[in-house]
Amino acid sequence: MNPYILAILLFGLGLGTTITFASSHWLLAWMGLEMNTLAIIPLMAQHHHPRAVEATTKYFLTQATAAAMLLFASVTNAWLSGQWDIQQMTHPLPITIITLALALKIGLAPVHAWLPEVLQGLDLTVGLILSTWQKLAPFALILQINPTNSTILIILGLTSTLIGGWGGLNQTQLRKILAYSSIAHLGWMILVLQFSPSLTLLTLLTYFVMTFSTFLVFKLNKATTINTLATSWTKTPLLTSLTPLILLSLGGLPPLTGFMPKWLILQELAKQDLALTATVAALSALLSLYFYLRLSYAMTLTMSPNNLSGTTPWRLSSTQLTLPLAISTTMAICLLPLTPAATALLAP
């Protein structure tokens, strides 16, 4: 892609998210979301491959549906209450419709079905943008409306953690596994949203760091299936030994970074007398942990066929930047000791 066009599209992505962040009026927020969608579509379809075009079309249709629902709900809210302010939502009907529209935008279960399909059709770089940056603007709106209907949030959260765990069990494609991982993590964030918005934000940031690191590892290995991962030891032996730690951090095992948000969320849910919800969420994390362990096993404990074609990549030095990967991997593995600092910052 022409670098000037790429720069304009990335600028459009940034501007769309910034407009949504800065808006207090529903129309402006909707406009920012639309800019975001329209800027990423050419990036998705840049490889003129039928699978990429299919993924782009699916993404466009789901995002357009969510945007139409959002616009409809904000107009309904203006009609019922006479104002367009995001933080002054009073009527339960528009709040519920907007919550569901934003859930569709970020890919929460039960409106998640588009996310694995779309992510599977994209290359890893655009997939990374879709899994991280594209979640920011809808999340800013969810945090601002602070939905009052607690039942719908808990249902969305629990179904997301369960479907995110179950859906990934049977997959061999790495991008689909990452999509289900994304659904499960978003479920955790939505569970605790009404009790501690700052904790939701912390979970989102740690999820970004771990996902960034995972995508970069796969990109460096040019891996898209589990079988491809088995040959990674010939290319990057040191990274291959660190990757299971990143994956287990995504699964939420101590003493890795990913344990911090899960620990704090379970603690918060227990404080709110939601012991059953916390138990179901913790058990659903085991489902996700299984497929992270499966990836770790494929990378480190299986030997790839040691023939000539299997060892060839070892001779070719990679031209990709490794500094972002080094920084994000360190953060994905080592940040758990900063939990007291994080909780002090989160305290109201």
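Scroll up a little and you will see the structure.
Just so you know, these numbers come straight off a predicted model, no measurement behind them.

Undergrad: An account of the side chain of Asn77 is needed here, citing residue identities and associated values.
TA: Looking at where Asn77 falls in the secondary structure, it is placed in helix 3 (residues 50-81). When near neighbours in sequence (up to four residues on either side) are disregarded, Asn77 contacts Trp26, Gly82, Gln83, Met89, Thr90 and Pro94.

Undergrad: Before we move on, could you go through the pattern of salt bridges and cite the residues and values that matter?
TA: Tallying each qualifying case throughout the model produces five salt bridges. Across the pair Arg51 and Glu54 runs a salt bridge whose closest N-O atoms are separated by 3.8 Å. With Arg51 and Glu54 both in helix 3 and three residues apart, the pair spans about one turn of that helix. For Arg51, a relative accessible area of 23% gives the class partly exposed. The salt bridge partner of Glu117 is Lys176, with a shortest N-O separation of 3.5 Å. Taken together, the residues span a long stretch of sequence, with Glu117 in helix 5 (residues 114-120) and Lys176 in helix 9 (residues 174-192) at a distance of 59 residues. Note on Lys176: relative accessible area 18%, which makes it buried. Three or more residues are tied together by salt bridges with common partners; here these are Arg51, Glu54, Lys58, Glu117 and Lys176.

Undergrad: Report on helix 8 (residues 150-169), specifying residues and quantitative values.
TA: Over its 20 residues, helix 8 extends 29 Å from the first C-alpha to the last, a length consistent with the 28 Å expected when each residue adds 1.5 Å. Among the residues of helix 8, Ile152, Leu153, Ile154, Leu156, Gly157, Leu158, Ser160, Thr161, Gly164, Gly165, Gly167 and Gly168 are the ones counted as buried. The inward-facing, buried residues of helix 8 abut helix 4 (92-106), helix 9 and helix 15 (275-300).

Undergrad: I'd like to hear about the environment of Ile41, residue by residue, with values.
TA: With respect to the helices and strands, the residue Ile41 is situated in helix 2 (residues 26-44). Separated by 32 residues in the primary sequence, Ile41 and Leu9 place their C-alpha atoms 9.2 Å from one another.

Undergrad: Can you lay out empty space enclosed by the protein for me, pointing to particular residues and giving the numbers?
TA: Following the criterion strictly, the structure yields three cavities of 30 Å³ or more and no others. Estimated volume of the largest cavity: approximately 100 Å³. For the largest cavity, the full set of lining residues is Leu33, Asn36, Thr37, Tyr59, Gln63, Lys105, Ile106, Trp114, Leu130, Gln134, Lys135 and Pro138. If you list the elements that add at least two residues to the lining of the largest cavity, you get helix 2, helix 3, helix 4 and helix 7 (133-145). A breakdown of the residues in the lining of the largest cavity according to their chemical character gives six nonpolar, four polar and two charged.

Calculation rules
Residues numbered from 1 in each chain as written. Predicted model: local features only at pLDDT ≥ 70, side-chain atom pairs only at ≥ 80, totals over all residues. Heavy atoms only, no water. Helix = DSSP H or I, 4+ residues; strand = E, 2+ residues; numbered from the N terminus. Contact = heavy atoms within 4.5 Å. Salt bridge = Lys/Arg side-chain N within 4 Å of Asp/Glu carboxyl O. Buried < 20%, exposed > 50% of the residue type's maximum accessible area, 1.4 Å probe, protein only. Expected span 1.5 Å × (residues − 1). 1 Å grid on protein atoms, 1.4 Å probe; cavity = no way out; pocket = protein on both sides within 12 Å on 5 of 7 lines; lining within 4 Å. Points joined across faces, edges and corners; volume = space filled by probe spheres on them. Nonpolar A, V, L, I, M, F, W, Y, C, P; charged D, E, K, R; others polar.

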